[in-house]
Amino acid sequence: MKSNHTFTAVAYTFIVIYATCSTALLGIPATLAFFVGQDAWLFPIIGSIIGIPIVFLYTMIARWNPKGTIYHMNDWVFGKKVGKVFTALFLLFPLFHFPAIVSYNVGFIGNFLLPGTPPFAIYLMCILIIVYGVYCGIEPIARTATLISVFFIPPLLLLIGLNVPDVDIKMVQPVMQSNFSDSINALSFFMGNVVCNVVIQLTIFPKYLTSIKNGERALWIGYSIGCTILIIMTFLCITVMSPEVTSRDFYPALSLAQRIELGEFLERIEATITILWFISIYFNLLLYLFAIMEGISHLFKLKDSKALLMPMGMLLLFIGVTMFDSVVQEREFYRFVSIPQSILSGFGIPLLLVSIGIIKRKRKKLPLYPSHSKKPLSTGPASSNVKN
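Not measured: the values here are computed from a predicted model. (Residues numbered from 1 in each chain as written. Predicted model: local features only at pLDDT ≥ 70, side-chain atom pairs only at ≥ 80, totals over all residues. Heavy atoms only, no water.)

> Mind laying out the pattern of salt bridges, listing which residues take part and the relevant values?
Scanning the model with the defined rule gives 4 salt bridges in all. A salt bridge links Arg143 to Glu139; the nearest nitrogen and oxygen atoms lie 3.2 Å apart. Separated by 4 residues within a single helix, Arg143 and Glu139 lie in helix H7 (residues 138-147), roughly one turn from each other. What makes Arg143 exposed here is its relative accessible area of 54%. With a shortest N-O distance of 3.5 Å, Arg259 and Asp166 are connected by a salt bridge. Of the two residues, Arg259 sits in the loop between helix H12 (252-258) and helix H13 (270-300) while Asp166 sits in the loop between helix H8 (153-163) and helix H9 (180-195), which places them 93 residues apart along the sequence. On the basis of relative accessible area, Arg259 is assigned to the partly exposed category, the value being 40%. (Salt bridge = Lys/Arg side-chain N within 4 Å of Asp/Glu carboxyl O. Helix = DSSP H or I, 4+ residues; strand = E, 2+ residues; numbered from the N terminus. Buried < 20%, exposed > 50% of the residue type's maximum accessible area, 1.4 Å probe, protein only.)

Structural data, given as structure tokens:
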């Protein structure tokens, strides 16, 4: 989507935080506890550390192409014809994940907030809100991310602070008793649903940032804070509710919030986790839809793809409504489709990009990790010849 707007690193930090948490904020403790029991809190730490070199790959790609996106890098590294194939392959990532996440969101709303409401009506409401957000453009999205942080940070601190007194360290003992197979499954789940999903940032970073240097710092800060939130939430679920209860609960973070009660004046704290989750998942879905429109614009060389927003929204609505027939199918999708696809798009493609890009840059005697330009970035179209 063509845009002349940019946003600051502060706004981008919050976007990365929200997108990193997303659906994982509500449900990842349950899956990790199912696989590895009391060791569930360790795997977000391990996965976050393993994710550092992966995020480093993203920053390297951004430095090579400071005015473009991953779609432009595909063309430069693989050539225009093969680059289109990789762009289409990358587009499958948001195309499959967007309706799956909306379906997860609709299930939560239908069960806890609007019981009895036809699922189609909830789907339609969610899609329209997201389509309108993307239609407004990337700058309003970034400004909203900054402003809405006042509804994200205080509830998060309240939720964590009120659960700390109930922490029982005995719940995490004995440590590292999980077998190798379950440990791999837990680590793969975290990598596929959290770390590798950060690759979606390359559809807006660094093209729409006012400063690539500050934007890169914002990416690291946002990733670190987002992973820290998931580590803390998983640890609280395990130590407050026990690994057994956490593994059986479909929304353990919600149950964690429901336990809080101070006298008779502070109740219904579960609304805090609802606010946190809605904010994070909304911005994640905005990024997915924006990535889809950016990819379509790049593939077909469209100057403005806003006219395609409504048809694309209708298509995603249809896919979301018909994608799953049961919760079992939804869980199978995340385990057997979502994780492999996320790892392919978030690690496989960037690794191949960087590997071939290093060879090309060495031949042209270009620096492998160029320094930041001191001049502010313009938002014009990315050059076909990526030079630094």
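> So, unusual backbone geometry: which residues are in play, and what are the values?
Looking along the chain, the bond that leaves Gln173 and enters Pro174 is cis, with omega of -5°. With an omega dihedral of 5°, the bond running from Phe205 to Pro206 counts as a cis peptide bond. With respect to the helices and strands, Pro206 occurs in the loop between H9 and helix H10 (212-241). Even without being a glycine, Lys301 presents a positive backbone phi close to 55°.

> If you had to explain the packing of aromatic side chains to someone new, which residues and values would you point to?
What the rule picks out here adds up to 27 aromatic pairs. Ring geometry for Phe324 against Phe333: centres 5.5 Å apart, planes inclined by 65°, an arrangement best described as edge-to-face. Each member of the aromatic cluster is reached from another via a ring pair, and the members are Tyr104, Phe108, Phe112, Phe250, Tyr251, Trp277, Phe278, Phe324, Phe333 and Tyr334. Seen from the ring of Tyr135, Lys306 lies directly overhead, with NZ or CZ sitting 4.9 Å from the centre. Above the plane of the ring of Trp76 lies Lys360, whose end atom (NZ or CZ) is 5.0 Å from the centre. (Phe/Tyr/Trp six-rings, centres within 6.5 Å; stacked < 30°, edge-to-face > 60°. Lys NZ or Arg CZ within 6 Å of the ring centre and 35° of its normal.)

> An account of helix H3 (residues 42-64) is needed here, citing residue identities and associated values.
The end-to-end C-alpha separation of H3 is 34 Å, in line with the 33 Å expected for 23 residues at 1.5 Å each. The largest bend in H3 is about 35°, located at Ile52, with the proline Pro53 one to four residues further on. (Expected span 1.5 Å × (residues − 1). Bend = angle between axes of the 7 residues up to and from the residue.)

> Would you mind going over the packing of helix H5 (residues 80-113) against helix H14 (residues 309-323) in detail, with residue names and values included?
Orientation of H5 relative to H14, taken along the N-to-C sense of each, is 60°, at an axis distance of 9 Å. The angle between the axes of H5 and H14 places the two elements in the oblique class. Once H5 is placed against H14, the crossing between them reads as right-handed. Two secondary-structure elements touch here, H5 through Leu95, Phe96, Phe98, Pro99, Ala100 and Ser103 and H14 through Met312, Leu316, Ile319, Gly320 and Met323. (Axes fitted to C-alpha atoms, helices over the stretch in contact; angles between N-to-C directions. Parallel < 35°, antiparallel > 145°, perpendicular 65-115°, else oblique. Left-handed = near helix turned anticlockwise from the far one by under 90°. Contact = heavy atoms within 4.5 Å.)

> Describe the packing of H8 against H13, with residues and values.
Axis separation between H8 and H13 bottoms out at 9 Å; the angle between their running directions is 135°. Between H8 and H13, the angle is such that the two are oblique. Taken as a pair, H8 and H13 cross one another with a handedness that is left-handed. Together, Pro155, Leu156, Leu158 and Leu159 of H8 and Thr272, Ile273 and Leu276 of H13 make up the contact between the two elements.

> Outline a nonpolar patch on the surface, listing residues and values.
Taken together, the side chains of Phe120, Leu124, Leu128, Met310, Met314 and Val321 make up a nonpolar region of the molecular surface, amounting to roughly 540 Å² of accessible area. Looking at the nonpolar patch, the elements with two or more residues in it are helix H6 (119-136) and H14. Mapping Val321 onto the fold places it in helix H14. (Patch = residues over 30% accessible without salt bridge, like charges linked within 9 Å, V, L, I, M, F, W, Y side chains within 5 Å. Areas by Shrake-Rupley, 256 points an atom, 1.4 Å probe, with all protein chains shown as cover.)

> Give me the lowdown on the environment of Gly107, citing residues and values where you can.
In this structure, Gly107 sits in helix H5. Classification of Gly107 by relative accessible area gives partly exposed; the value is 25%. Placed 135 residues apart in sequence, Gly107 and Ser242 show a C-alpha to C-alpha distance of 25 Å.

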